[in-house]
Amino acid sequence: MSVVELEDVEPAYPVLRELRPDLASPEEFRAQAEQQRAAGYRLIASLDGDGEVAAVAGFRTGRSFAWGHYLYVDDLVTLPAARKQGHAKALLDWIDAEARRLGIGEIHLDSGTHRHDAHRRYLGTGFAIASFHFSKPAPGA
């Protein structure tokens, strides 16, 4: 198992689609990923023993009054057949090292309330449930 930063986003599509099933096609995914990359989004992958993408994490850095200099994990998912093999931990360890390298003060992520296995992983790697996240459709959307 190894973690690499992806220059070509295409190999991440089948994995990320597990978390984001509304991604209709590889072309739509690539276009969205390139827009997000222009705003600082980065994509890393955990590769299995055959060099295939088994898990991915997408993240970005920023600054805010609430969090200071932060790293935000937008996406973190492992293929069902590759779960419980250490891929998510490997990605989170890589993110920790990158945050340390960049002088980041805090790492953040949101997780759906139904994702109990993911919550156990996050809590086990030092995350705390710090707040509730609220959302609503924008007027006219």
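- Looking at an unreviewed UniProt entry, one finds the chain named GNAT family N-acetyltransferase, with Saccharopolyspora elongata as its source organism.

1. Side note on the sheet that holds strand β4 (residues 68-78)
In a beta sheet, neighbouring strands pair by backbone hydrogen bonds and run either parallel or antiparallel.
For step 1, the next point in the chain: Ordered in space as β1-β2-β3-β4-β5, the 5 strands form an open sheet in which the pairing is mixed. Strands at the two margins of the open sheet, each flanked by one partner only, are β1 (2-5) and β5 (106-109). Neighbour to neighbour, the strand axes of the sheet diverge by 30 degrees on average, direction disregarded.
For step 2, the next point in the chain: In this sheet, β5 lies alongside β4 in parallel orientation, the contact comprising 4 bridges. The residue bridging Y70 from the neighbouring strand is E106, located in β5.

2. Re the pattern of salt bridges
Between side chains of opposite charge, pairing is possible as soon as their charged atoms come close.
For step 1, the next point in the chain: Overall, the coordinates contain 10 salt bridges when judged by the stated rule.
For step 2, the next point in the chain: R30 is the salt-bridge partner of E10, the closest N and O atoms lying 2.8 Å from each other. Separated by 20 residues along the polypeptide, E10 in the loop between β1 and α1 (13-19) and R30 in helix α2 (residues 26-38) bring together distant segments of the chain.
For step 3, the next point in the chain: Looking at E10, the relative accessible area reads 26%, which means it is partly exposed.
For step 4, the next point in the chain: Bridged by salt links that share partners, the residues E5, R42, E98 and R101 form one connected network.

3. Focus: the environment of R42
For step 1, the next point in the chain: Positionally, R42 belongs in strand β2 (residues 42-47).
For step 2, the next point in the chain: Every residue in contact with R42, bar those within four places of it in the chain, is listed here: E5, A57, G58, F59, W94, E98 and L102.
For step 3, the next point in the chain: At 2.8 Å, the side chain of R42 forms a polar contact with the side chain of E5.
For step 4, the next point in the chain: Engagement of the side chain of R42 in a polar contact is seen with the side chain of E98, the distance being 2.8 Å.

4. Comments concerning the nonpolar core
For step 1, the next point in the chain: Core analysis: the biggest nonpolar cluster contains 17 residues, and L16, F29, L43 and V56 have the highest contact counts within it.
For step 2, the next point in the chain: Listing elements by their share of this core, those giving two or more residues are α1, α2, β2 and β3 (53-64).
For step 3, the next point in the chain: Residue contributions to this core peak at 4 residues, all from α1.
For step 4, the next point in the chain: Not counting residues up to four positions away in its chain, the partners in contact with L43 are V4, E5, L6, V9, A12, F29, V56, A57 and G58.
For step 5, the next point in the chain: Counting 16 residues, the second-largest nonpolar core is a separate cluster that includes L91, L92, L109 and F127.

Rules and cut-offs
- Residues numbered from 1 in each chain as written.
- Predicted model: local features only at pLDDT ≥ 70, side-chain atom pairs only at ≥ 80, totals over all residues.
- Heavy atoms only, no water.
- Pairing = 2+ DSSP bridges.
- Helix = DSSP H or I, 4+ residues; strand = E, 2+ residues; numbered from the N terminus.
- Axes fitted to C-alpha atoms, helices over the stretch in contact; angles between N-to-C directions.
- Salt bridge = Lys/Arg side-chain N within 4 Å of Asp/Glu carboxyl O.
- Buried < 20%, exposed > 50% of the residue type's maximum accessible area, 1.4 Å probe, protein only.
- Contact = heavy atoms within 4.5 Å.
- Polar contact = N/O pair within 3.5 Å; in protein donor to acceptor, adjacent residues only side chain to side chain.
- Core = buried A, V, L, I, M, F, W, Y, C linked by side-chain atoms within 4.5 Å.

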